[in-house]
Amino acid sequence: MTRRQVLTAAAAGAALTLCGCRQQEPEEAKPELILRYAENQPEDYPTTQAALAFAGLMADQTDGRVKVAVYSGGELGAEQSVIQQMQFGGIDFARVSLSQLAEYVPALSVLQLPYLYEDASQMWRVLDGSIGDDFLAMLDEMDLVGLSWFDAGVRSFYTREKVTDLEQLQGLTLRVQESDMMSEMITDLGAEPVQVVYSQVYAALRNGQIDGAENNWPSYDAMGHYEVAPYFLQDEHTRVPEIQLASTAAIEKLEALDPSYPEVLRTCARESARTERRLWAEREARSEKELREWGVEVTTLPDAEKQKFRAAVQPLYDRFADQAELLERIKES
Ligand code: GCU
């Protein structure tokens, strides 16, 4: 036997040993279907953590046959692009802000009117009840399936320079989501709206393209906006809930694998929404506490001043006059 033959035989033996070892290991479940989930928040954010919980539940409930791969930090694109990709089945799941969907289904805007809910509990009574179900069902017309509602707290303004009342907000350039209704709200408040995609807000604040923005405490924290806009005007103008979505193509793929999977999916989605709400409450309180300690200057509005904000956005309510009955049901919830 030449040296070369010896080496070849040794390598073959090692390969056999390796194969032998593998055969003795328990069979690793190999997913038969891999579905993609888009999330524009960072990894440690409550909505992303809930997406990961959803992925874990789906793997458990399908004995590993379905794998949900979560792409966070906007890796699959900004929300508008994700919505479009979902309509063509290119992305299977996502969590997006209601504002973004309301651009396609204007009736959804009612749920994010400024100063609509007295508090979070009232919003949850609405979303967890028949109104919430009806609104999720409206996404059918976009070829999307609304799975569950996620919490996104309440939004307030924050600015580069100190602003303490409505008067000082006049004429400022403020960033809003890609939403015409949010732009209208800013105009009604006497400021200048600029639609900027979420991932670009930090840069726009830093380079002075905008004077301020508006969002909830966890986003203000997670995206570092407080570093460049350290004045927080806690007017709590709107609650914009978020929706966990599936594409119709994803539901069809699941159904083809096992007819019970679409229902399994719905159960996992509801469970992950409960996780999100719990994580949200913790994160909202922590972000506010830590940012106050860091040195963010918070202005809380006295009732009389808040009244001025409410009065200024009345034109938006006039625009939804044909929804008077629904608005009444929400008020009574
Ligand atoms: C929230 C929401 C994001 C959204 C963002 C925005 O942070 O969770 O999905 O993109 O608001 O203001 O654009």
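Not measured: the values here are computed from a predicted model. (Residues numbered from 1 in each chain as written. Predicted model: local features only at pLDDT ≥ 70, side-chain atom pairs only at ≥ 80, totals over all residues. Heavy atoms only, no water.)

## What about the site of the ligand?
All residues adjacent to the ligand are Asn40, Gln41, Glu79, Arg95, Arg155, Arg175, Gln177, Tyr198, Asn215, Ser219 and Glu242. Note that an oxygen atom of the ligand is positioned 2.7 Å from one of the side-chain N or O atoms of Glu242. The fraction of the free accessible surface of the ligand (310 Å²) that becomes covered by protein chains is 99%. When each cavity is represented as a set of grid points, the ligand is found to reside in the largest cavity. In the shell around the ligand, the residues fall into 1 nonpolar, 5 polar and 5 charged. The two domains that each donate at least three residues to the shell around the ligand are domain 1 (33-152 + 240-287) and domain 2 (155-239 + 291-332). (Near = heavy atom within 4 Å. Polar contact = N/O pair within 3.5 Å; in protein donor to acceptor, adjacent residues only side chain to side chain. Areas by Shrake-Rupley, 256 points an atom, 1.4 Å probe, with all protein chains shown as cover. 1 Å grid on protein atoms, 1.4 Å probe; cavity = no way out; pocket = protein on both sides within 12 Å on 5 of 7 lines; lining within 4 Å. Sits in = over half its atoms within 2 Å of the grid points. Nonpolar A, V, L, I, M, F, W, Y, C, P; charged D, E, K, R; others polar. Domains from an automatic or database assignment.)

## Quick look at the domain arrangement of the chain
When cut into domains, the chain gives domain 1 (33-152 + 240-287) and domain 2 (155-239 + 291-332). Placing a centre on the C-alpha atoms of domain 1 and another on those of domain 2 gives a separation of 24 Å. Each partner contributes to the interface: domain 1 provides 35 residues, whereas domain 2 provides 36 residues. Approximately 3,200 Å² of surface area, both sides summed, lies buried where domain 1 meets domain 2, with 59% of it carried by carbon and sulfur atoms. Linking domain 1 with domain 2 are 1 salt bridge. Between Arg283 and Asp221 there is a salt bridge, with the nearest N and O atoms lying 3.4 Å from each other. For the interface between domain 1 and domain 2, the tally reads 16 residue pairs in polar contact (both at pLDDT 80 or more). Those elements that place two or more of their residues in the side of domain 1 that touches domain 2 are α4 (98-102), α5 (120-127), α6 (130-137) and α13 (261-294). Partitioned by chemical class, the residues of the side of domain 1 that touches domain 2 number 20 nonpolar, 11 polar and 4 charged. (Contact = heavy atoms within 4.5 Å. Buried area = accessible area lost by both parts, 1.4 Å probe. Salt bridge = Lys/Arg side-chain N within 4 Å of Asp/Glu carboxyl O. Helix = DSSP H or I, 4+ residues; strand = E, 2+ residues; numbered from the N terminus.)

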